[in-house]
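# Coordinate analysis (summary)
Okay, here's what each chain looks like letter by letter:
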Amino acid sequence: MRDIIKMIVVLTVISTVMGATLSLVESITREPIKFSKIKFVKGPAVVAVLPECENDPIQDYKEGVVLEEKAGQKIIKSIFPARKNGKCVAVAFEVTGQGFHGPLGIMIGVDLKTGKLTGMRVMTHTETPGLGARATEPAFYKQFSGLGIKDVVLSDQGGKVDAITGATITSQGVLGAVKAGLQLFSRSKDKIMGAVGAG
Amino acid sequence: MSVWKDFTDGLWKDIPPFRLVLGLCPTLAVTTAADNGLGMGLATTFVLVCSNALISILRKLIPKKVRIASYIVIIASFVVMVELFMQAYFYRLYIILGIFIPLIVVNCIILGRAEAFASKRPILNSIADGLGHGFGFTISLTIVGAFREILGAGTLFSKITLFGPHFMPFSFMVKPPGAFICLGLFLGIMNIISRGRV
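Throughout this document, residue positions are counted from 1 along each chain, in the order its sequence is written. Chains carry letters and ligands carry numbers; both start at the beginning, A for chains and 1 for ligands, and go up in the order they are written. Reporting in this predicted model follows two pLDDT cut-offs: at least 70 for local features of residues, and 80 or more for side-chain atom pairs to be given and counted; totals over whole chains, interfaces and linings ignore these cut-offs and use all residues. The side-chain numbers reported here are obtained from all heavy atoms of the structure, hydrogens and water having been left aside.

What follows is about the environment of A:Gly115. Residues and elements named next belong to chain A. Every helix listed is a DSSP run of H or I at least four residues long, and every strand listed is a run of E at least two residues long, numbered separately from the N terminus. For Gly 115, the location among the structural elements is in the loop between strand S4 (103-111) and strand S5 (117-124). It is 8.3 Å that separates the C-alpha atoms of Gly 115 and Ile 149, two residues lying 34 residues apart in sequence. Setting aside residues no more than four positions away along its own chain, Gly 115 makes contact with Val 110, Leu 182 and Phe 185. Whether two residues are in contact is decided by their heavy atoms, any of which lying within 4.5 Å being enough.

In structure tokens, the structure reads:
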């Protein structure tokens, strides 16, 4: 009997102490982990969609900016600013769309002055290789630079983007997401400006 | 003096993957490049030293019947710590090593040293033993990784390119079968070197 009690006590104490230590380590590393996830997962896309700038948009990013509040539904985005000569010239943020097989995670860069796209990259997707997955290729994403809201339409519908052959649904998913992002930008430009300090 | 001997034992006499032939899973799986081997080796060393030290401190408190359970709780906690630190400060390495970081928990070297050494010896010797075996493991993994990387990709530590532009990488070496052949060669070399000595 004494043996059993000793076993239970020792194991319980060891587990409790190790658990407490782990939770301490977790709280120390929580912020660095979040930062390195943003840096290595979203970072390359952020740099690619923004124009050349003198700051590090990933270092300067603003987390959880509330852009819109409608009927209790909040639209919250993390915003990556690009500065030139001390002024914020463009911002990047993430938008999501619906592809053929699943969600599309897309990073878009928007010029603050003109409201036009500075770039677009599809970061995460589950599209078919060789068809929808070609949305990640330069031939597709290069078309987006410099487009305004009205231009983000398929070319056979009067816009300026050629769809990917055999992947109309993916193309439309990307276009819809980018367009929604641009609309969101124009609706909440003031809040974005305020958040990145471009007032 | 015996502390020093405990340390050097792990570096040559029972160098983990070649002499003890333990911990082969990471030795085969992550040694596609020298820096992966080094990262894996250092992570294992950290866990090995910490768990050896703690188990040695607690060796008189832990009842014999639940010792393995206690060791595993201790080892697993240190492994999760390594995983969190690596995710926070060495994210690229974390992505490359992937599932093999949590698998350090079941690395036989660590439980083996806990059971065979740390549970019977004082703390200083246990730390020395952990450091020795950890460094031995790190050196072995780095050598295997470097060998495979040089032949398979023509680079060293992913940065230094060793051969001219006409080098055709022997990519078989960085694939899984190359790992087995490489390990076999190293085991053979170790046997030749040590024949007559032990």
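There's more to say after this.
Let's shift gears to the packing of aromatic side chains. Residue and element names in this part refer to chain B. Under the pairing criterion, centres of Phe, Tyr and Trp rings, with the six-membered ring standing for Trp, must be within 6.5 Å; the plane angle then separates stacked pairs below 30 degrees from edge-to-face pairs above 60, leaving the rest tilted. A complete count under the given rule lists 12 aromatic pairs over all chains for this structure. Summarising the aromatic geometry, the rings of Trp 4 and Phe 7 are spaced 5.5 Å apart at their centres and angled 35 degrees between planes, so their arrangement reads as tilted. Remark: Phe 7 and Trp 4 occur in helix H1 (residues 2-13); sequence separation between them is three residues, near one turn of the helix. Its relative accessible area of 51% is what places Trp 4 among the exposed residues. Exposure remark for Phe 7: the relative accessible area of 17% places this residue in the buried category. For every residue, the accessible area (1.4 Å probe, protein chains only) is compared with the maximum for its type, and the residue is labelled buried under 20%, exposed over 50%, or partly exposed between those bounds.

Residues and elements named next belong to chain B. Side chains of Trp 12, Phe 147, Leu 151, Phe 170, Phe 172, Phe 180, Ile 181, Leu 185, Ile 189 and Ile 193 sit close together on the surface and give an oily, nonpolar patch of about 900 Å² of accessible area. Residue assignment for the nonpolar patch shows that the elements contributing at least two residues are helix H8 (123-153) and helix H9 (176-194). Looking at the nonpolar patch element by element, the count peaks at five residues for H9. Following the sequence through the fold, Ile 189 ends up in helix H9. Residue Ile 189 is classed as partly exposed on the basis of its relative accessible area of 45%. Residues enter patches when they are more than 30% accessible in relative terms and free of salt bridges; like-charged ones are connected within 9 Å and nonpolar ones (Val, Leu, Ile, Met, Phe, Trp, Tyr) within 5 Å. Residue burial considers only the protein chains on display, and all accessible areas are found by Shrake-Rupley using a 1.4 Å probe. One speaks of a salt bridge when a side-chain nitrogen belonging to Lys or Arg is within 4 Å of a carboxyl oxygen belonging to Asp or Glu.

Here the focus is the packing of helix H4 (residues 34-57) of chain B against helix H7 (residues 108-118) of chain B. For any two helices packed against each other, one specifies the inter-axial angle together with the distance between the axes. All names here are of chain B. The convention used is that axes are lines fitted to C-alpha atoms, helices contributing only their stretch in contact, and that angles between N-to-C directions extend from 0 to 180 degrees. Across the interface, H4 lies against H7 with an axial gap of 10 Å and an inter-helix angle of 30 degrees. Here H4 lies roughly parallel to H7, going by the angle between them. Crossing of H4 against H7: the hand is right-handed. Residues Thr 44, Val 47, Leu 48, Ser 51, Asn 52, Ile 55 and Ser 56 of H4 form the contact with H7, whose own contacting residues are Ile 109, Ile 110, Arg 113, Ala 114 and Ala 118. Ten residue types, Ala, Val, Leu, Ile, Met, Phe, Trp, Tyr, Cys and Pro, are classed as nonpolar, four, Asp, Glu, Lys and Arg, as charged, and the remainder, Gly among them, as polar. By residue class, the composition of the contact of H4 with H7 is seven nonpolar, four polar and one charged. For classification purposes, angles smaller than 35 degrees are called roughly parallel, those larger than 145 roughly antiparallel, those between 65 and 115 roughly perpendicular, and all remaining angles oblique. Note: crossing handedness is left-handed where the near helix turns anticlockwise from the far helix by less than a right angle, and right-handed where it turns clockwise.

For the purposes of this section, nonpolar cores are sets of buried Ala, Val, Leu, Ile, Met, Phe, Trp, Tyr and Cys residues that join through side-chain atoms within 4.5 Å. Counting 38 residues, the largest nonpolar core has A:Ile14, B:Val47, B:Phe78, B:Met86, B:Leu97, B:Ile101 and B:Ile104 as the members making the most contacts within it. Put simply, the parts of the chain that give this core at least two residues each are helix H1 (2-49) of chain A together with H4, helix H5 (67-89), helix H6 (91-97), H7 and H8 of chain B. For this core, the element with the most residues is H5(B), which contributes 10 residues. Among all residues touching A:Ile14, those that are not within four sequence positions of it are B:Leu58, B:Ile62, B:Ser70, B:Val73 and B:Ile74. Of all hydrophobic cores here, the second largest spans 36 residues; its members include A:Phe140, A:Val152, A:Leu154 and A:Met193.

Residues and elements named next belong to chain B. For the pair H4 and H8, interaxial distance at closest approach is 8 Å and the crossing angle is 165 degrees. The orientation of H4 with respect to H8, classified from their angle, is roughly antiparallel. By crossing handedness, the relation of H4 to H8 is classed as right-handed. Here the contact of H4 with H8 is composed, by residue class, of 15 nonpolar, 13 polar and three charged.

What follows covers the interface of chain A and chain B. Listed per partner, the contact involves 19 residues of chain A and 23 residues of chain B. Note on definitions: buried area is the accessible-area loss of two parts on being combined, 1.4 Å probe, summed for both. The contact between chain A and chain B buries some 1900 Å² in all, and 81% of this surface belongs to carbon and sulfur atoms. In this assembly, chain A and chain B are joined by zero salt bridges. Polar contact criterion, stated in full: a pair of N or O atoms within 3.5 Å, where within protein one must be able to donate a hydrogen and the other to accept it, and residues adjacent in sequence count only if both atoms are side-chain atoms. Counting the contacts that link chain A with chain B gives one residue pair in polar contact (both at pLDDT 80 or more). Residue composition of the side of chain A that touches chain B, grouped by class: 11 nonpolar, four polar and four charged.

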